[in-house]
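# Fold and geometry: a report
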Amino acid sequence: MHIFNHPNYNFLRWRWHALAVSWIIILAGIAVIARYGIPRSTEFAGGTEIILAFDKPTSEQQVREALAKAFPGGDAIVQSYGERSQRQIMVRVPTVLAESGTALSNTKQAVVDALTKSSVGGFNVVGTEIVSPTVGQELKTKGFWATVLSLVGILLYLAFRFQLSFAVGAVIATIHDLLVTLAFLAFFRYDLSLTVIAAILTMTGYSTNDTIVIFDRIRENLRSMRRDSLNDVVNVSINQTLGRTVITSGTALLTALALFFFGGEVLHGFAFTMVVGIITGTYSSVFVAAAVVTFWRGRGPARAAAHAPAPAPPPNQPSRSKPLRKARAS
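This section reports on the structure supplied with the text. (Residues numbered from 1 in each chain as written. Predicted model: local features only at pLDDT ≥ 70, side-chain atom pairs only at ≥ 80, totals over all residues. Heavy atoms only, no water.)

Before going further, it helps to spend a moment on the overall build of the protein chain. The helix and strand inventory of the protein chain stands at eleven helices and four strands. Long-range contacts, defined as pairs at least 24 residues apart, comprise 78% of the intrachain contacts of the protein chain with a sequence gap of at least 6. Only carbon and sulfur atoms are counted for the fraction: they give 62% of the accessible area of the protein chain, which is about 18600 Å². (Helix = DSSP H or I, 4+ residues; strand = E, 2+ residues; numbered from the N terminus. Contact = heavy atoms within 4.5 Å. Areas by Shrake-Rupley, 256 points an atom, 1.4 Å probe, with all protein chains shown as cover.)

Here it is in structure tokens:
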């Protein structure tokens, strides 16, 4: 299936503009995270999370006022949950009183008692999640190391399979994807949960696969375009894989969008991370990873050809080496 007929776009022409946009997003994300932080789910922060279904429409402000006496420090986080027609509200208390099971359940009971004594109306508890701070810290540590070890594995594999410049380009592009994704999670205030970590790791693998496809074509073209500059080789390689990139990325993006709009509240964070990751991963494979390779290895044809093996001669072509002379008889 051909989407483009002999595309000839100069992608590297826009690499500096693309890098500038990336830096703006990353720096803005760092500023938001430093100012407000990234919301963490109960799985990482520890605490009690309760999902309540009310008999009549109830606003979040009414629930906050009802919980003000039980949690005077404003510890209780209240937000809508699910479809508006379901009249569900999630109450999250990030800190728990102690590590024992009895104390962990006391927080839930305090929330239920405070709402029962108020005038918010009848409700049912439809879901509860209780995680101790120790378990939350352990999950956060494991999620961090899973991400770091995946980056180290990518670097080692690509350094062995290609060259170091390709490996560095792929890892920098992956780190770029992680920072941009975290920035958008901070912008839109999505909780950092286990499902979001799973989406980040999935996005990391997807972005790396897309980058390897382009790198593999660059390596092949380095053998046949030995007299061309490295920039020309990279542009030709990206154009040759452009149709494949659009088809695979577009299909994955449609799936992630379907999960976002029709998957429900539980999958919103996962689907949002996947949408951002697919777009960012495709963008970084073209404008970040390939640009790093050109920065690393230069533009001249000598440097481009130096890392490429010499092409093998055709099977029927006679050898150009001179025949050995017969030794004269003395």
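Let's pick the thread back up.
Another point: the environment of Gln-88. Positionally, Gln-88 belongs in strand 3 (residues 88–93). Between the alpha carbons of Gln-88 and Phe-123 there is a distance of 9.2 Å; along the sequence they are 35 residues apart. Those residues in contact with Gln-88 that lie beyond four places of it in its chain are Ile-51, Leu-52, Ala-53, Ser-80, Tyr-81 and Val-126.

This part covers the packing of aromatic side chains. Taken as a whole and assessed by the stated rule, the structure comprises 15 aromatic pairs. Both rings, one in Tyr-9 and one in Phe-11, keep their centres 6.0 Å apart while their planes meet at 70°; by these two values the pair is edge-to-face. Classification of Tyr-9 by relative accessible area gives partly exposed; the value is 44%. Owing to a relative accessible area of 14%, Phe-11 belongs among the buried residues under this scheme. With 6.4 Å between their ring centres and 70° between their planes, Phe-162 and Phe-215 make a pair best called edge-to-face. Taken together, the positions of Phe-162 in the loop between helix 5 (133–161) and helix 6 (164–187) and Phe-215 in helix 7 (residues 194–224) put the pair 53 residues apart, joining distant regions of the chain. As far as burial versus exposure is concerned, Phe-162 and Phe-215 are alike and both buried. In this structure, Arg-161 is placed above the aromatic ring of Phe-162, and the distance from its NZ or CZ to the ring centre is 5.7 Å. (Phe/Tyr/Trp six-rings, centres within 6.5 Å; stacked < 30°, edge-to-face > 60°. Buried < 20%, exposed > 50% of the residue type's maximum accessible area, 1.4 Å probe, protein only. Lys NZ or Arg CZ within 6 Å of the ring centre and 35° of its normal.)

Further remarks concern the environment of Val-120. With respect to the secondary-structure elements, Val-120 resides in the loop between helix 4 (101–117) and strand 4 (123–131). Since its relative accessible area comes to 4%, Val-120 is described here as buried. In this structure the C-alpha to C-alpha distance between Val-120 and Lys-56, which are 64 residues apart in sequence, comes to 8.6 Å.

Turning our attention to the packing of helix 8 (residues 230–240) against helix 10 (residues 268–297). Orientation of helix 8 relative to helix 10, taken along the N-to-C sense of each, is 160°, at an axis distance of 10 Å. On the basis of their axis angle, the class for helix 8 and helix 10 is roughly antiparallel. As helix 8 runs across helix 10, the sense of the crossing is right-handed. Residues Leu-230, Asn-231, Val-234 and Ile-238 of helix 8 form the contact with helix 10, whose own contacting residues are Val-286, Ala-290, Val-293, Thr-294 and Arg-297. Taken together, the residues of the contact of helix 8 with helix 10 sort by class into six nonpolar, two polar and one charged. (Axes fitted to C-alpha atoms, helices over the stretch in contact; angles between N-to-C directions. Parallel < 35°, antiparallel > 145°, perpendicular 65-115°, else oblique. Left-handed = near helix turned anticlockwise from the far one by under 90°. Nonpolar A, V, L, I, M, F, W, Y, C, P; charged D, E, K, R; others polar.)

Moving on: helix 1 (residues 15–36). When the terminal C-alpha atoms of helix 1 are compared, their 31 Å separation across 22 residues agrees well with the 32 Å that a helix rising 1.5 Å per residue should span. Taken together, the buried positions of helix 1 are Arg-15, Ala-18, Leu-19, Ser-22, Ile-26 and Gly-29. When helix 1 is viewed along its axis, its buried side chains cluster within an angular range of 95° and face the same direction. The outward face of helix 1, more than 90 degrees from its buried face, is lined by the exposed residues Trp-16, Trp-23, Ile-24, Arg-35 and Tyr-36. Next to the buried residues of helix 1 lie helix 6, helix 8 and helix 10. Looking one or two residues past helix 1, Gly-37 carries a phi angle of roughly 80°, positive in sign. (Expected span 1.5 Å × (residues − 1). Arc of directions from axis to C-beta.)

Read these as layout, nothing more, since geometry by itself doesn't imply function.
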